[in-house]
Amino acid sequence: MRAFSTTGPATRRGTFFRLFGDKQEVVFARQQELLDTIAAAARHNGAAATSLADAVEQLRPVVLELLTVAVSDPQGYTRHFRLVEQHPELIDRDAVKTQQIARKLGELLVHRGSDEATAMLAGQVAIACYLAAKSPDDDPGTLIERASASFARVLTLGIG
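Conventions used here
Residues numbered from 1 in each chain as written. Predicted model: local features only at pLDDT ≥ 70, side-chain atom pairs only at ≥ 80, totals over all residues. Heavy atoms only, no water. Helix = DSSP H or I, 4+ residues; strand = E, 2+ residues; numbered from the N terminus. Buried < 20%, exposed > 50% of the residue type's maximum accessible area, 1.4 Å probe, protein only. Contact = heavy atoms within 4.5 Å. Areas by Shrake-Rupley, 256 points an atom, 1.4 Å probe, with all protein chains shown as cover. Salt bridge = Lys/Arg side-chain N within 4 Å of Asp/Glu carboxyl O. Phe/Tyr/Trp six-rings, centres within 6.5 Å; stacked < 30°, edge-to-face > 60°. Axes fitted to C-alpha atoms, helices over the stretch in contact; angles between N-to-C directions. Parallel < 35°, antiparallel > 145°, perpendicular 65-115°, else oblique. Nonpolar A, V, L, I, M, F, W, Y, C, P; charged D, E, K, R; others polar.

Trainee: Looking at this structure, how should I read the overall build of the protein chain?
Mentor: Of the regular secondary structure elements, the protein chain holds eight helices and zero strands. Evaluated residue by residue, the protein chain yields a buried proportion of 38% over its 160 residues. Partitioning the intrachain contacts of the protein chain with sequence separation of at least 6 by distance along the chain shows that 69% fall at a separation of at least 24. Summing over all exposed atoms, the protein chain offers an accessible surface of approximately 9,600 Å²; the carbon and sulfur share of this is 58%.

Trainee: Can you walk me through the pattern of salt bridges in this structure?
Mentor: Taken as a whole and assessed by the stated rule, the structure comprises three salt bridges. In this structure, the salt-bridge partner of E57 is R60, at a minimum N-O distance of 2.8 Å. Of this pair, E57 and R60 both sit in helix α4 (residues 52-70), separated by three residues, roughly a single helical turn. Looking at E57, the relative accessible area reads 35%, which means it is partly exposed. The salt bridge partner of K134 is D94, with a shortest N-O separation of 3.5 Å. Of this pair, K134 sits in the loop between α7 (116-133) and α8 (143-155) while D94 sits in helix α6 (residues 88-111), and the two are 40 residues apart along the sequence.

Trainee: How should I be thinking about the environment of E145 in this particular structure?
Mentor: Following the sequence through the fold, E145 ends up in helix α8. Each C-alpha atom of the pair E145 and A133 lies 8.5 Å from the other, and the pair is 12 residues apart in sequence.

Trainee: Sorry, what's going on with the packing of aromatic side chains here?
Mentor: Any two aromatic rings considered together are summarised by their centre-to-centre distance and by the angle between their planes. By the definition in use, this model includes one aromatic pair. On the basis of an interplanar angle of 40 degrees and a centroid distance of 6.2 Å, the ring pair of Y77 and F81 is categorised as tilted. Linking Y77 with F81, this pair stays in helix α5 (residues 74-85), spanning four residues, or about one helical turn. In this structure, Y77 and F81 share a single accessibility class: buried.

Trainee: Is there a simple way to think about the packing of helix α3 (residues 31-43) against α6 in this case?
Mentor: Each packed pair of helices is defined by two parameters, the angle between the axes and the distance between the axes. Viewed as axis vectors pointing N to C, α3 and α6 meet at an angle of 10 degrees, and their least axial separation amounts to 9 Å. It follows from the interaxial angle that α3 and α6 lie roughly parallel. Contacts between α3 and α6 involve Q31, L34, L35, I38, A41 and A42 on the former and, on the latter, K97, Q100, I101, K104, L105, L108 and H111. Broken down by class, the residue content of the contact of α3 with α6 amounts to eight nonpolar, three polar and two charged.

Everything listed here is a matter of geometry and, on its own, says nothing about what the molecule does.
Written out as structure tokens, the structure reads:
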């Protein structure tokens, strides 16, 4: 009778899929770190947003912190971005992950007492500020600045 090895390829494969679910998920391994950042922000009490602009303003520092985490390894961020852009199935997964973050941002505002419709719209606007700022050709070190500028443009809509 052959002894069963707990360190062989079958066990490593099992461990891999226990950690990631599928091969595509490896590309998004840092997603949980981003979700944890949102959860940490939710633990800090904040007032309910009184308007959409107020809700977006409340999300601005959270999104900028998410981007700080994302670009803490600039080469890794660039590799991830380029890999995703080269594979349609990863683009689709990235869109799902981005919407998950937008939903969590909205839930953060609901947790603070904001109405759900305003909170969910603010989450989408906040994600749009990030999406408007990201570019494969730009330096990841300027992503936070570009996203901050996007927030400033959004928050001044209709003024002046």
